Amino acid sequence: MSSRNSSIRPGIDFNGIVGGNIGPGERSVLPSSATARLSFRLVGGQRPEHIRALFRNFVEARLPAGCQVVFEGGRRER
C-alpha cells in the first residue's frame, strides 16, 4: 500500500502497552492488570465521540467474566 492510501484511511495506533506483575506480592502466569494507550486516525465525516463509543462498546462486549475495563481520556489536549 502506498503512503498516500494509508494516510487517508481511518486507523488505530497502539502507542504503548504495559502489563505484568510488578512490585511486591504473589506472582501468577497472568498479570493482574494491563494498560494500553491508543490513538485513532479519523477521516472526514467521522465524529470522535461516535468512534469512541463504538470502540468502548466493542471492548466491553468482549470482556471476559470477572474482568473490568476502565477508559480514560477522550479529550483533545492542546
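Being a predicted model, the structure only gives us computed values, none of them experimental.

Rules and cut-offs
Residues numbered from 1 in each chain as written. Predicted model: local features only at pLDDT ≥ 70, side-chain atom pairs only at ≥ 80, totals over all residues. Heavy atoms only, no water. Helix = DSSP H or I, 4+ residues; strand = E, 2+ residues; numbered from the N terminus. Areas by Shrake-Rupley, 256 points an atom, 1.4 Å probe, with all protein chains shown as cover. Phe/Tyr/Trp six-rings, centres within 6.5 Å; stacked < 30°, edge-to-face > 60°. Patch = residues over 30% accessible without salt bridge, like charges linked within 9 Å, V, L, I, M, F, W, Y side chains within 5 Å. Salt bridge = Lys/Arg side-chain N within 4 Å of Asp/Glu carboxyl O. Buried < 20%, exposed > 50% of the residue type's maximum accessible area, 1.4 Å probe, protein only. Contact = heavy atoms within 4.5 Å. pLDDT = per-residue confidence, 0-100.

Thoughts on the overall build of the protein chain
Here is step 1 of the chain: Assigned secondary structure in the protein chain consists of 2 helices and 2 strands.
Here is step 2 of the chain: In the protein chain, the succession of helices and strands from N to C terminus is α-β-β-α.
Here is step 3 of the chain: Entry remark: accessible area of the protein chain is about 7200 Å², with carbon and sulfur atoms responsible for 53%.

What to know about the packing of aromatic side chains
Here is step 1 of the chain: All told, the structure shown has 2 aromatic pairs when counted by the stated rule.
Here is step 2 of the chain: Ring plane angle 70 degrees and centroid distance 5.2 Å describe the contact between phenylalanine 40 and phenylalanine 55, whose orientation is recorded as edge-to-face. Note that phenylalanine 40 is positioned in strand β2 (residues 34-41) and phenylalanine 55 in helix α2 (residues 48-61), a separation of 15 residues in sequence.
Here is step 3 of the chain: By way of ring pairs, the aromatic residues Phe40, Phe55 and Phe71 are connected into one cluster.

Quick look at a nonpolar patch on the surface
Here is step 1 of the chain: A contiguous nonpolar surface patch, about 490 Å² in accessible area, is contributed by Ile12, Phe14, Ile17, Phe40 and Leu42.
Here is step 2 of the chain: It is strand β1 (residues 11-19) that contributes the most residues to the nonpolar patch, 3 residues altogether.
Here is step 3 of the chain: The residue isoleucine 17 is located in strand β1 in this model.
Here is step 4 of the chain: On the basis of relative accessibility, which here comes to 64%, the residue isoleucine 17 falls in the exposed class.

A short note on the environment of phenylalanine 40
Here is step 1 of the chain: According to the relative accessible area criterion, phenylalanine 40 is partly exposed, its value standing at 34%.
Here is step 2 of the chain: Distance in space between the C-alpha atoms of phenylalanine 40 and arginine 52 is 9.0 Å, their sequence separation being 12 residues.
Here is step 3 of the chain: Contacts of phenylalanine 40, omitting those with residues within four sequence positions, involve Gly11, Ile12, Ile51 and Phe55.

Brief notes about the confidence of the model for the protein chain
A low pLDDT score tells you not to read the predicted coordinates there in detail.
Here is step 1 of the chain: Averaged over the protein chain, the pLDDT score is 84; the fraction of residues at 70 or greater is 85%.
Here is step 2 of the chain: Here helix α1 (residues 3-7) stands out as the least confident element of the protein chain, with mean pLDDT 58; α2 is the most confident, with 95.

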